[in-house]
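Listed below, chain by chain, are the residues.
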Amino acid sequence: MGETWTTANIPDQRGRVAVVTGANTGLGYETAKALAERGASVVLAVRDVAKGERAAAGLTGDVSVQALDLTSLDSVRAAAAALRSRFDRIDLLINNAGVMYTPQQTTRDGFELQFGTNHLGHFAFTGLLLDLMLPVPGSRVVTVSSVGHRIRAAIHFDDLHLERSYGRVTAYGQSKLANLMFTYELQRRLVPYGTIVAVAAHPGVSSTELARNSPAALRIPLTWLAPLITQTPAMGALPTLRAATDPAVLGGQYYGPGGRYEVKGHPRLVTSSPQSYDVALQQRLWAASEDLTGVRFPVRSHPGAAARTR
């Protein structure tokens, strides 16, 4: 498909079950909307159920709401159990929810808020649902990262929760880099099954509520430049939707806007930072994530497996 991929390119999704985290607003809402309009049974997995119900009321098709607070492993486990009681298969899991540039805080389990929400919560949620996806041909786990994975970004293994030195941008960069490393290591583990792939996407710079905690030094210029460098949530959701539905997508790929510097435009295949592809770091992060969440995946790493598969 060309570089003008839009929702019109989404294949028929009837008969498929899609779970979208953070789907009551912004990118998640637009993602859920497009999938529901193409016939998927869509679950809005959201922290605020009342907001989720209001969002669902504005959508057409088979749309339901599931409580999910990614800052609480108890909530993650409860949400996974509830979904397992409702569905015997999941075709699409879209790890979209996230927080950005928050002041120093911790989750209910004591994790740094951005790392705990954006990475560890989704890591656990995916691991608890994956066996509903493994037998389903064409199933996909899509995790939303950010251009922020390149900015002051590293996995601080000696201080994962940044207790010794906290910076909003550093914490966000770590969490978004973790999203990519998780995707690449998960894909390596999925290769032997041949039924399911893990893919990543990023929305460029989209005008959503996510940036509300940005430092003033960033927020003020962004306000002035917004018409030039931002795009609508509907456009920002396109890379995720392409990663989730384009038949040509391969496991381990990364999709983002095709415009200059990947800040806006129609979705295309992009590349992530060199450190995101470091296999040793991916596996070290995976082990740390298992230890922190207590979630063990029903798949094992296969060092010799190809990174990409259809």
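It should be noted that the structure appears before, not after, this text.
Thresholds applied
Residues numbered from 1 in each chain as written. Predicted model: local features only at pLDDT ≥ 70, side-chain atom pairs only at ≥ 80, totals over all residues. Heavy atoms only, no water. 1 Å grid on protein atoms, 1.4 Å probe; cavity = no way out; pocket = protein on both sides within 12 Å on 5 of 7 lines; lining within 4 Å. Points joined across faces, edges and corners; volume = space filled by probe spheres on them. Helix = DSSP H or I, 4+ residues; strand = E, 2+ residues; numbered from the N terminus. Nonpolar A, V, L, I, M, F, W, Y, C, P; charged D, E, K, R; others polar. Pairing = 2+ DSSP bridges. Axes fitted to C-alpha atoms, helices over the stretch in contact; angles between N-to-C directions. Contact = heavy atoms within 4.5 Å. Parallel < 35°, antiparallel > 145°, perpendicular 65-115°, else oblique. Buried < 20%, exposed > 50% of the residue type's maximum accessible area, 1.4 Å probe, protein only. Right-handed = clockwise from strand over helix to strand, strands pointing away.

Caption draft 1: Broad picture of empty space enclosed by the protein. Under the counting rule described, the total for this entry stands at 1 cavity of 30 Å³ or more. L70, T71, S72, L73, T107, D109, F111, G116, L120 and G121 are the residues that line the largest cavity. Residue contributions to the lining of the largest cavity peak at 3 residues, all from helix α4 (residues 113-129). Grouping the constituent residues of the lining of the largest cavity by class yields 4 nonpolar, 5 polar and 1 charged.

Caption draft 2: Up close: the sheet that holds strand β2 (residues 41-46). Taken together, the 8 strands give an open sheet; going across it, the order is β3-β2-β1-β4-β5-β6-β7-β8, and neighbouring strands pair in mixed fashion. Each having just a single partner strand, β3 (63-67) and β8 (267-270) make up the two edges of the open sheet. When the angles between neighbouring strand axes are averaged without regard to direction, this sheet yields 25°. Direction of pairing for strand β5 (residues 139-144) relative to strand β6 (residues 196-201): parallel, over a ladder of 6 bridges. The residue bridging V142 from the neighbouring strand is V199, located in β6. Where helix α3 (residues 73-86) meets the sheet, its contacts fall on β1 (17-21), β2 and β3, and the angle it forms with β3 comes to roughly 145°. The strands touched by helix α8 (residues 238-245) within the sheet are β4 (92-95), β5, β6, β7 (254-257) and β8, with β5 carrying the most contacts at an inclination of about 160°.

Caption draft 3: Geometry of the packing of α4 against helix α5 (residues 168-190). Direction vectors running N to C along α4 and α5 enclose 20°, while the axes themselves pass 7 Å from each other. Our classification of the angle between α4 and α5 gives roughly parallel. Across from Q114, F115, N118, H119, F123 and T126 in α4, the residues of α5 making contact are R168, A171, Y172, Q174, S175, K176, A178, N179, F182 and L186. Split into classes, the residues belonging to the contact of α4 with α5 amount to 7 nonpolar, 7 polar and 2 charged.

Caption draft 4: Region of the structure containing the pairing of β2. Of all 6 residues in β2, 6 are buried; the element is thus mostly enclosed. Neither face of β2 is left uncovered, since the one carrying S41, V43 and A45 and the one carrying V42, L44 and V46 both have all their residues buried. Sheet analysis places β1 next to β2, joined by 5 bridges and oriented parallel. Within β2, the residue paired with A18 across the bridge is V42. Following the chain from β1 across helix α1 (residues 26-37) to the adjacent parallel β2, one finds a crossover that is right-handed. Note that β2 and β3 share 5 bridges and pair parallel. Each residue of the ladder has a partner; that of V46, found in β3, is A67. Each parallel crossover has a hand, and for β2 linked through helix α2 (residues 49-57) to β3 it is right-handed.

This is a description of form; function is not addressed.
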